[in-house]
Structures are given as C-alpha cells and as structure tokens.
Amino acid sequence: MAIVKMNKFTLLAFEDKKDALLRRLQVFSNVEFIDLQDENFIENNSIFNDLDKSEVDSQIAKWEEKLSKAKFSIEFLEKYVPKQSLLKSLYKEKLSLTMEELEKTVSDSNWEGSYDKVKSKDNKLTELENDKNRFKGYVENLQPYEQFDAPLSSLEELRQTAYYLGNVSNQYEDSLQSALDDCYLEIISKDKQNTYFITLCNKENSKKVENILRGFGFSQFKTEEKENPLKLIHEYNEKISLIESEEFIIKEELAGYDQELKAMQLVYEYYNNLLSRKMVNNNFLKTKSTVLMQGWVPIHENEQLIQIAQQVLNDDYYLNFEDVKEEEIDDVPIKLENNDLNSSFEAVTEMYSLPKYNDIDPTPFVAPFYLIFFGMMVADAGYGILMLIGTLLSLKFFHFEEKTNKMVKFFMYLSFPTILFGMIYGSFFGDLIKFKGLIDTTTDVMTILVISVVFGVIQIFFGLGIKATVLIKIGQPLEAFMDVGSWVITLISFGGIAASISFNLSILKIISIIGAVVGSILIVLTQGRQMKTKGGQIAQGFYELYGITSYVSDLVSYTRLMAIGLSGGSIAGAINMIMHMIPGVGRFIAIPLIFLLGQTVNLGLSLLSGYVHTLRLTYVEYFSKFYDGGGRAFKPFKPKNQYINLKRD
C-alpha cells in the first residue's frame, strides 16, 4: 500500500534485435522510456555526445497510410453497421489476442480488398449525394415558377416582345405594378420575402423597363431548361427518389459489413501498435550497430525485464539497474499500488495530484474518512442497498475498462457506510419503513452536529500527525516539532479553554491558557524561520499565527456532514408524505410513479452531494495539513487497446 519503488535501467542491444525487443517490451507494459534525445539530457550527460539519434523507420509513411485506410473504413462502416446496445457491449468481453496472433490474423486477411470495396461504396454514395443535392437545387430554383404554365423555351420564340422573368422584394409589388402599367405583368407566386413574376413589353420599351426593374432590385431567373417548370420539378423529384432508393440499397448492404468492420478494427490495432513501436525510437541513441535505451521500471519487475532481454537478445546485451538518486526525485514517474479497497480510492488522489517519489501515498489515509463522510451525507439504508446491488451486478455481468471498474468498486464500497448510517439514523427511503435508529434525526440534531465536528477534529489532527511522521521519517524531527507540534499544542489548548468554559473547569482553563500561550509563542518564533531577518521572521510568525482562524473555518466546514445528511432524509420523507396524500383509485398508479421518480432524483442528488462535498473536505480541509503532491504518473510503453485486448505471449 504505497508508491511502487522504481529503478532506472540502461539497456544496450544490437540494432537488428531492436524491433523484436520493442515488441516484447510493449506487451510487457512495465517500462517507461527516458527521452535520451532531449537537448537538456545530452547537455547534462556529455558521455552520450558521440552517439547518434535513433531515427524512425523510413517506411513510416507506408504504415501511416495503412493505418489511415483502416481508420477511414472503421469510421465509414460505423455509420451503417448496427451498433450493439450499451448493455450488450458491456456484457460482451473484448477479443483477446497475443501480438503474434494479431499479426497473423491481419496478414492472412484480405483487408485491403475490403478497403477497396468500402472505398468504392463511399465514392458511389458521395456521387449519388452530389447528384441528389444538384437536383434538389434545381427543384428549389424552379419551385417559385411552377405555376408558369408554358415551356420556358417559348419565351425564346418571342420576336417583337421583350420578357423579364424573375423576382423583386415583396415591398415593391404595388410600386412595380404602377410603374409597369403599360406592360403585361403576371404574378406567378410569392413567399415570405419575394414576389415572382413575368412581365412582357414592346422591345422598343425594353431599356425603359430594364431601368425600372433595376431600380426595384430585380433578380432575373436564369436557367438553361426548356420545358414547363412543373414538368421539370416532377422529373427532378423522380430522379431524387431513384437516387434515394439506390442509396438505401447500398446502405442496407453496408449494414451487413459487420465482419469487414471487425477485420478493420484488428488492422487498426495492429498498425497503431506498430507505429507506436516505431515512434518510440525517438527516445533512443545509437551507434552503427547498437541502440541505447534508458527508462524506469518497477523494482519487482526487474527479473521479468531480465528474462525478456535474455529470451530476445540471448547474451548479446548489457542491462544495468540503478537506484533512484536524490537529484532524480522529481523525474521519477509515480505508480500507486494498494489493496482492492484502497485502489478504488486512488482516483481521489490522482484528481488532486500524485505524490512525489519521496512522499507518501495518501490514498490509504483518504479511504477511511471518505467512507465515513460519504456515508453520513447519504445516510439511507435503502439507497445503500440499491448501490450495493447495482454495483455487484455490474461487476459480475459487465466487462469494464480498468478505470471504470475501479469507479464501480468505489461506489460499491461506499454503499456499506451508506447502509450503516442509514441504520443509525433509522432511514430506509426516508421513512418508508419506520424503525428506530440509534440517533433520531428529528430530535438529536445537536448530537449529529457534534459528531460531525468531532470527525472534523479527528481528520485534521490525523493529517497533522501524518505530516509529523513524514518529517521524522526523512530525518527532520525538529521540523516536525516546530511545524506540527507547535500547532497541536496551540489547537488542543484553545479546545481546552472552550471546554473549561462550557463545563466550568478552572484547573483545565489555567492549564489550557498556559498551553495556548506557549504554543502561540512557538508558532511566532518558528514559522517565519525561512525569512532572512529577525524582524521578518517575527512578522511572518505572527502572520502564521493569524492562520489559526482557518482551523475554525475548517471545523465549521465539517457541519455539512450533518446538513447534507439531514436534507437528503427530509426530501425522501417529503416524497413519502406526498405519496400518502394521493386519494382514491388513482393512488395505485400515482404512488409508484411518485416513488420511482422522486426517490431516483433524490438518490442522484444525494450521491452527487456526497461525492462532491467529501472531495471538498478531503482536498481543502485534509490535504492542506500534510500533502502537496506534485508527482507525475507512470506512463509505460504499452499496447493501445481500443478494440481488443493484447495479452502477453
């Protein structure tokens, strides 16, 4: 239950064995390579100056093209091949293959022939879609003139008459008719914006008419069509229908390409992982015949790495492991290793920040408090039982990704304190089933408030205790006394003063006042020690002493444990009250609906509140006492498993 111990390894091998080695290391999934080509690294390690940078294979463009083909095929086919339902996809486990099995499956398949088929279907659909859009454009252009009941070619036969077919804005319709009173004007149609018309006049008046039309913003209808507009519209609509029928047939055919889709997914996985192995070369240095690798590996995986090197390289390699040096602390990647319970809470730590290599993993110290606080805030046995049943069934029947699986387990573990505090508060879907708990939420509000604050005090002092333990562990006991001991003395003393006033204990009051004075003096004298001048140290010390007010606000913050827990129970009780207010026969329909809808919404709000507010107490009130974080995650060189699971040979 800690940060996984790491070694830095240096591996020297022959260049011709590099590809086989990288393939094994990718499946091994437990090494993170160091970028030896980084300019800062080379500058700080002059011993590597004479080595060349390892380059990506010259055939990379060919593999990228193959990957692009597979990606295109997948994206195209996913539009048409029916998708599995979410539940069915979760129920079905991913296909598992070794790297060799994947390579053989891809090489034996005629996937490029399938790609050609898919590409031809895409081209055909694109062609049909372009034709359909073109015909739709023709129809849209002709529709305003569909009432024009003569062939358009007849207008070209006019000898002594000029014609103008087009539209103007609706606002000019009356003015247009007045201005063209000596011409023939027929309104063909109107829409929300424009009036469509044809006007005829003697050719000797055409210049005058053109000037008038230009003044009204006339837009002439331009077309090369010769037939009657209505006839043309019917012909184009018929062509559109034929195209849509052909598109439907092609799409129905594509819906049966599920095997081609699965094959392309395997191709994508193969070339994606192949490219990943090729691109990782950008981390290495080389000579004419050898390649140099460095990286991080968990200490407990050292033997496995040695076995891989021996199996692939025989005895033709050099492999060395080094312990982490002090100057490398900030560079060491962090991997957490906890038991099943605590590993479910690792996401809480990761969302805040991973610890540095020489720090502690706070996850085991987060889990107990998170369980208690979440349970207090949701605090309903019915909700807890639903969470437990839902998560257990999900874990049994569904196959989740690792992170999702941990999240489901996270809520499974949280269901237990939810049930426990529900029993303590006597709450089962509010007061749906009435039973006496250890605490009555209607009369023992102050008791719950005191319990909330007491839990807050325990967590704050626990955090301070962790900080002291860490300082002592790294050989700084004096700093532990100054940074933690002084605060503990002061806080306990102020607590003693409050208790002595409440219970009229004069001796406790005197002792507590003395302790508070001593603790305050220690804070003033020690908390500014990083300042260069005495005046600065004292001033900083007083400023830090003023920070005692933050502890008061911290304790107030823990009252949310009471407030949120009681509010959720009150809402559940109100839902039950509404259910019992429904009269007559309608209650047999209304009551189940109200119960399901109301309790589902309240469950969702309670879970959200419990999750968010417990995170807030953890990050602000708890971590601020002992934990800074600042580490970076271990990112091993591993397979990219989007569609299948690549397993070890």
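Residues numbered from 1 in each chain as written. Predicted model: local features only at pLDDT ≥ 70, side-chain atom pairs only at ≥ 80, totals over all residues. Heavy atoms only, no water.

In the annotation of an unreviewed UniProt entry, the entry for the protein reads V-type sodium ATPase subunit I, and the organism field reads Clostridium saccharobutylicum DSM 13864. Regarding the protein, the UniProt comment filed under Subcellular location (unreviewed entry) reads as follows: "Membrane". Per UniProt, the comment on the protein under Sequence similarities (unreviewed entry) is "Belongs to the V-ATPase 116 kDa subunit family." (UniProt positions renumbered as here; feature names shortened; annotations may be inferred.)

(A) Structural context of the layout of surface pockets. Considered as a void within the structure, the second largest pocket measures approximately 700 Å³ in volume. Contributing to the lining of the second largest pocket are 25 residues, with Lys 467, Leu 471, Lys 625, Phe 626 and Asp 628 lying nearest its centre. When residues of the lining of the second largest pocket are traced back to their parent elements, those giving at least two are α17 (445–473), α18 (477–503) and α21 (548–557). Among the elements that make up the lining of the second largest pocket, the one with the highest residue count is α17 (four residues). Of the residues assigned to the lining of the second largest pocket, the class counts are eight nonpolar, eight polar and nine charged. (1 Å grid on protein atoms, 1.4 Å probe; cavity = no way out; pocket = protein on both sides within 12 Å on 5 of 7 lines; lining within 4 Å. Points joined across faces, edges and corners; volume = space filled by probe spheres on them. Helix = DSSP H or I, 4+ residues; strand = E, 2+ residues; numbered from the N terminus. Nonpolar A, V, L, I, M, F, W, Y, C, P; charged D, E, K, R; others polar.)

(B) A look at a nonpolar patch on the surface. Taken together, the side chains of Ile 513, Val 517, Ile 521, Leu 525, Ile 538 and Phe 542 present a nonpolar region at the surface, about 530 Å² in accessible area. Inspection of the secondary structure puts Phe 542 in helix α20 (residues 534–546). (Patch = residues over 30% accessible without salt bridge, like charges linked within 9 Å, V, L, I, M, F, W, Y side chains within 5 Å. Areas by Shrake-Rupley, 256 points an atom, 1.4 Å probe, with all protein chains shown as cover. Salt bridge = Lys/Arg side-chain N within 4 Å of Asp/Glu carboxyl O.)

(C) Region of the structure containing the UniProt feature "transmembrane region" (unreviewed entry) in the protein. Residues annotated by UniProt as "transmembrane region" (unreviewed entry) correspond here to residues 369–398, 410–428, 448–472, 484–501, 507–525, 561–582 and 588–608. Helix makes up 100% of residues 484–501 and strand 0%, and the two end C-alpha atoms of the span are 26 Å apart. In this annotation, residues 561–582 is assigned 91% helix and 0% strand; the end-to-end C-alpha distance for the span is 33 Å.

(D) Structural view of the pattern of salt bridges. Under the definition given, this model contains 27 salt bridges. Linking Glu 621 and Arg 616 is a salt bridge whose minimum nitrogen-to-oxygen distance equals 2.5 Å. Its relative accessible area of 2% is what places Glu 621 among the buried residues. A single salt-bridge network, built from bridges that share partners, covers Arg 23, Glu 100 and Glu 103. (Buried < 20%, exposed > 50% of the residue type's maximum accessible area, 1.4 Å probe, protein only.)

(E) Structural view of the side chain of Glu 247. With respect to the helices, strands and loops of the structure, Glu 247 is situated in helix α9 (residues 229–254). Discounting chain neighbours no more than four positions away, the residues touching Glu 247 are Leu 125, Leu 128, Glu 129 and Lys 132. (Contact = heavy atoms within 4.5 Å.)

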